[in-house]
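Here is how the chains run, residue by residue.
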Amino acid sequence: MSGRALPIGVFDSGVGGLTVLRALRLALPTEDFIYLGDTARLPYGTKSPATVIRYSLQCAAALVDRDIRCLVVACNTASASALAALRLQYPSLPVIGVIEPGAAAAVAASRTQHIAVIAIEGTIGGGAYQDAIRRLNANARVTPCACSLFVAMAEEGWTSGPIAAAVAQRYLDPIFGVAGAPDTLVLGCTHFPVLAAAIRSVLPPTVQIVDSAATTAAAVLRQLQAAGPMVPETGAAPETGATPVTGAHCAAGRVTWLATDGAARFARVGTTFLGETLHEADIEIVDL
């Protein structure tokens with residue numbers, strides 16, 4: 001890594017966090033990343049808070065052992081349950097979750113301060129987004145909706161077409177098809193950005209959509225800019241085990257891929273979330 005800044009560590013319970021990584025790579029095309037998907041133990045949403053904290057600390061330790069300079073918790077469940085424990089464990093390491101940036105962006109975007117949040121059942125039931133929004137504006141009105149079927153659709157690749165539109169309409173019509181509807185919608189699950197077009201198609205055009213993946217990337221960018229100089233536009237050739245960032249928007253950034261199980265499935269499903277092809281051979285299986 002000589003001559004380059006240390007990489008940014010990103011972890012999730014599986015592949016959903018790849019939407020966050022995708023946004024990070026767009027915002028920070030010259031940065032190196034290490035992504036860890038804890039695929040052997042997903043989903044985190046069905047686990048107790050104590051278990052989520054334990055798993056999150058183990059994921060963080062694996063990334064810290066590889067010398068990261070920032071930790072991104074690309075998982076709503078882990079952000080809700082484990083952020084405080086992670087910051088306590090690593091007081092000198094910037095630790096950024098997905099909930100706080102999404103809540104802040106929603107409050108900033110909403111004219112009426114009536115905000116809808118869609119997420120999986122565990123995130124909605126735990127009230128993490130509702131609490132985060134109300135900490136920023138005690139008078140905000142939050143309408144939550146559990147849209148768990150979106151997760152399966154995203155992982156099956158059913159992200160557009162009549163099925164996706166019909167499911168989105170079934171979930172969202174009761175919220176936005178009434179008088180006094182919210183003017184802002186938070187995508188409170190890392191799976192949901194891949195369904196953004198289908199969701200947009202059934203919403204009134206005036207509704208603002210807040211993508212927590214994009215807002216998290218913006219928060220990381222601000223954090224790194226405040227910390228010091230960014231990575232220059234040129235860099236060394238990728239090291240063994242690291243995949244170069246590709247695409248017209250990208251420069252010399254690299255990604256190291258880690259998972260705890262199922263490299264083939266990680267590559268297959270992850271391709272949908274990342275927006276480019278992942279290869280099984282590039283994914284290292286690690287034991288936490």
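This text gives an overview of the structure that appears in the document.

Conventions adopted
Residues numbered from 1 in each chain as written. Predicted model: local features only at pLDDT ≥ 70, side-chain atom pairs only at ≥ 80, totals over all residues. Heavy atoms only, no water. 1 Å grid on protein atoms, 1.4 Å probe; cavity = no way out; pocket = protein on both sides within 12 Å on 5 of 7 lines; lining within 4 Å. Points joined across faces, edges and corners; volume = space filled by probe spheres on them. Helix = DSSP H or I, 4+ residues; strand = E, 2+ residues; numbered from the N terminus. Nonpolar A, V, L, I, M, F, W, Y, C, P; charged D, E, K, R; others polar. Phe/Tyr/Trp six-rings, centres within 6.5 Å; stacked < 30°, edge-to-face > 60°. Buried < 20%, exposed > 50% of the residue type's maximum accessible area, 1.4 Å probe, protein only. Salt bridge = Lys/Arg side-chain N within 4 Å of Asp/Glu carboxyl O. Core = buried A, V, L, I, M, F, W, Y, C linked by side-chain atoms within 4.5 Å. Contact = heavy atoms within 4.5 Å. Pairing = 2+ DSSP bridges. Axes fitted to C-alpha atoms, helices over the stretch in contact; angles between N-to-C directions.

## So, the layout of surface pockets
- For the largest pocket, the calculated volume is near 330 Å³.
- Lining the largest pocket are 23 residues, and of these Ser-13, Pro-43, Gly-45, Ile-120 and His-191 sit closest to its centre.
- Only α3 (76–89), α5 (121–126) and α7 (149–156) provide two or more residues apiece to the lining of the largest pocket.
- At 3 residues, the largest contribution of residues to the lining of the largest pocket is made by α5.
- Of the residues assigned to the lining of the largest pocket, the class counts are 8 nonpolar, 12 polar and 3 charged.

## Re the packing of aromatic side chains
- As enumerated under the stated definition, the model contains 5 aromatic pairs in all.
- Residues Tyr-44 and Tyr-55 carry aromatic rings whose centres are separated by 5.6 Å and whose planes lie at 50 degrees to one another, so their mutual orientation is tilted. One end of the pair, Tyr-44, is in the loop between β2 (33–37) and α2 (49–64); the other, Tyr-55, is in helix α2, and 11 residues separate them in sequence.
- Tyr-44 gets classed as buried once you look at its relative accessible area, which sits at 1%.
- Classification of Tyr-55 as buried rests on a relative accessible area of 12%.
- When the ring of Phe-150 is compared with that of Tyr-171, the centres are 5.0 Å apart and the planes differ by 75 degrees; the resulting orientation is edge-to-face.

## Examining the pattern of salt bridges
- Scanning all chains against the criterion turns up 7 salt bridges.
- Of the charged contacts in the structure, one is a salt bridge between Asp-32 and Arg-254, with a shortest N-O distance of 2.7 Å. Placement of Asp-32 in the loop between α1 (18–27) and β2 and of Arg-254 in strand β10 (residues 254–259) is noted, with a sequence separation of 222 residues between them. For the pair Asp-32 and Arg-254, a shared accessibility class is recorded, and that class is buried.

## A look at the nonpolar core
- Judged by nonpolar contacts, the single largest core of 74 residues is most densely connected at Ile-118, Phe-150 and Trp-257.
- Broken down by element, the residue count for this core peaks at 7 residues, all from helix α8 (residues 162–176).
- In contact with Ile-118, other than residues within four places in its own chain, are Ile-124, Cys-145, Cys-147, Phe-150, Leu-172, Leu-185, Val-186, Leu-187, Gly-188, Cys-189, Phe-192 and Ile-199.
- Formed by 22 residues, the second largest nonpolar core is a distinct cluster that contains Ile-34, Leu-63, Leu-86 and Leu-258.

## Describing the environment of Thr-123
- If you trace the backbone, Thr-123 turns up in helix α5.
- Remark: the alpha-carbon pair of Thr-123 and Cys-189, spanning 66 residues in sequence, is separated by 8.3 Å.

## Some points on the sheet that holds strand β7 (residues 184–187)
- Here 4 strands make up an open sheet; going across it, the order is β6-β5-β7-β8 and the pairing parallel. Of all the strands in the sheet, just β6 (141–146) and β8 (208–211) have a single pairing partner and so form its edges. Adjacent strand axes in the sheet meet at a mean angle of 20 degrees when their direction is disregarded.
- In this sheet, β8 lies alongside β7 in parallel orientation, the contact comprising 4 bridges. Opposite Val-186, over in β8, you have Val-210 as the bridge partner.
- Here helix α6 (residues 128–136) sits on the sheet and contacts β5 (114–119), β6 and β7; the angle it forms with β6, its principal contact strand, is near 165 degrees.

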